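# Remarks on the overall topology
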Amino acid sequence: MRYGILGDIHANPSALDAVLSSLAREGVDRLFSVGDIVGYGAAPSECVRRILEAGVTAVAGNHDLAAVDRIPVEGFHPSAREAMLWTRRSLDARSADYLSRLPLLVEEGPVTVAHGSIDRPEAFDYIQSAPDAQASLARLQTRIGFVGHSHVPVSYLCREGDPVRLWYTFDPEISLSGCSKALVNVGSIGQPRDGDPRAAYALYDDVADKVWIRRVPYDVEGEVGRILRAGLPPALGERLRLGT
Ligand code: ZN
């Protein structure tokens, strides 16, 4: 089976369309989303509609739950908070209903999907160190786990016969041969933060036993214009140009 795993979309339909086209060319059997479909960007309901139409199985991100008032906005940075209040006003009823029903964790076949961490998906922790990754890998019941949240792609690998050490890599092509478990942050489709403005997603092939982090260019200026026309903070458009 070939799996496509969509990183944080953040209401950016131009980036999402570019990724869905790329995945169609790859010929995937199954699509997952690590959540944060909405927030920051100017087209939240459009992105939910595309996720539904594409048959994507999604988990809830913190922005998805904030959009339906299940997480308070007080903990958000000022521009994120302003965008979230705008999102709450603009989200259509069908999208709000969909977001309010998302699970925190999905396990299917060899794949587990969560937004922040696998050991405490409800806490929306960031995995930023090997001990953070170890906690998720200890909880992982399948061969491979996919997360997002930090918007920076990175993979943590447990080698067979080596339970003590944990390997990590920023490589865009990861062989799982010789690995007992892996945890992959797939990066972000709609708001990359690793200095590369192209949309990021992961492709997993369980026969080839490999994961690839793909990057796809999209119409960044079109999304910057949409953010400005919506009256959202201009800095949210500027960071799309920079990939930060
Ligand atoms: Zn996010």
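Now for a look at the structure at hand.

With that settled, consider the overall build of the protein chain. Scanning the protein chain for helices and strands turns up eight helices and twelve strands. Here the C-alpha radius of gyration of the protein chain, 17 Å, is about what a compact globule of 244 residues would show, namely 18 Å. Each principal axis of the C-alpha distribution contributes one length, and for the protein chain these read about 55 × 35 × 30 Å. Counting over 244 residues, the protein chain shows a buried share of 57%. For the protein chain, the share of sequence-separated contacts (at least 6 apart) that also reach a separation of at least 24 residues comes to 72%. Summed over its atoms, the accessible surface of the protein chain is roughly 10000 Å², and 51% of this surface lies on carbon and sulfur atoms. Taking the average place of the 26 positive charges on the side chains of the protein chain and the average place of its 32 negative ones, the gap between the two points comes to 2 Å.

Here we take up the sheet that holds strand S11 (residues 199–205). The mixed open sheet is built from six strands, whose spatial order is S3-S2-S1-S11-S12-S9. Looking at the sheet topology across the chains shown, the edges are occupied by strand S3 (57–58) and strand S9 (173–175). Its contacts with the sheet place helix H1 (residues 13–26) against strand S1 (2–6), strand S2 (30–33), S11 and strand S12 (210–216), and it is angled at close to 25 degrees to S11.

Along a regular strand, successive side chains alternate from one face of the sheet to the other. Of all seven residues in S12, five are buried; the element is thus mostly enclosed. With three bridges connecting them, S9 and S12 associate as antiparallel partners. If you follow Ser175 over to S12, its bridge partner there is Lys210. Across seven bridges, S11 lies against S12 in antiparallel orientation. In the sheet register, Leu203 faces S12, and the bridge partner there is Trp212. Here S11 hands over to S12 after four residues, with Asp209 in that stretch at a positive phi of 60 degrees.

Time to look at the packing of aromatic side chains. Evaluation of the coordinates by the stated rule reveals five aromatic pairs. Between the aromatic rings of Tyr3 and Phe32, the centroid separation amounts to 6.2 Å while the plane-to-plane angle is 25 degrees, which identifies the pairing as stacked. Highlighted residues: Tyr3 in strand S1 and Phe32 in strand S2, separated in sequence by 29 residues. Across this residue pair, the class does not change: Tyr3 and Phe32 are buried.

It is worth spelling out the pattern of salt bridges at this point. Where charged atoms from two side chains of opposite charge come close, those side chains can pair. For the coordinates displayed, the defined rule picks out 18 salt bridges. Of the charged contacts, one joins Lys210 and Glu173 as a salt bridge, the two residues approaching to 2.7 Å between their closest N and O atoms. Of the two residues, Lys210 sits in strand S12 while Glu173 sits in strand S9, which places them 37 residues apart along the sequence. The partly exposed category is assigned to Lys210, whose relative accessible area is 25%. Since its relative accessible area comes to 43%, Glu173 is described here as partly exposed. Among the salt bridges present, the one from Asp194 reaches Arg215, with a minimum N-O distance of 2.7 Å. With Asp194 in the loop between strand S10 (179–185) and S11 and Arg215 in strand S12, the pair connects residues that are 21 residues apart, well separated along the chain. Taken together, the salt bridges that share partners define one network made up of Arg2, Glu26, Asp205 and Arg214.

Following both chains from N to C, one finds helix H2 (residues 44–53) and helix H5 (residues 93–100) inclined at 65 degrees, their axes separated by 9 Å at the closest point. Here H2 runs over H5; the crossing is left-handed. Contact residues: Ser45, Val48, Arg49, Ile51 and Leu52 in H2; Arg94, Ser95, Tyr98 and Leu99 in H5. The residue inventory of the contact of H2 with H5, partitioned by class, reads five nonpolar, two polar and two charged.

Residues of H5 that are buried include every one of Ser95, Tyr98 and Leu99, and no others. Down the axis, H5 shows its buried residues gathered within 95 degrees of arc, on one side only. On its buried face, H5 is in contact with H2, S3 and helix H3 (62–67).

What counts and what doesn't
- Residues numbered from 1 in each chain as written.
- Predicted model: local features only at pLDDT ≥ 70, side-chain atom pairs only at ≥ 80, totals over all residues.
- Heavy atoms only, no water.
- Helix = DSSP H or I, 4+ residues; strand = E, 2+ residues; numbered from the N terminus.
- Rg over C-alpha atoms; globule rule 2.2 N^0.38 Å.
- Buried < 20%, exposed > 50% of the residue type's maximum accessible area, 1.4 Å probe, protein only.
- Contact = heavy atoms within 4.5 Å.
- Areas by Shrake-Rupley, 256 points an atom, 1.4 Å probe, with all protein chains shown as cover.
- Lys, Arg positive; Asp, Glu negative; His and termini not counted.
- Charge placed at Lys NZ, Arg CZ, Asp CG, Glu CD.
- Pairing = 2+ DSSP bridges.
- Axes fitted to C-alpha atoms, helices over the stretch in contact; angles between N-to-C directions.
- Phe/Tyr/Trp six-rings, centres within 6.5 Å; stacked < 30°, edge-to-face > 60°.
- Salt bridge = Lys/Arg side-chain N within 4 Å of Asp/Glu carboxyl O.
- Left-handed = near helix turned anticlockwise from the far one by under 90°.
- Nonpolar A, V, L, I, M, F, W, Y, C, P; charged D, E, K, R; others polar.
- Arc of directions from axis to C-beta.

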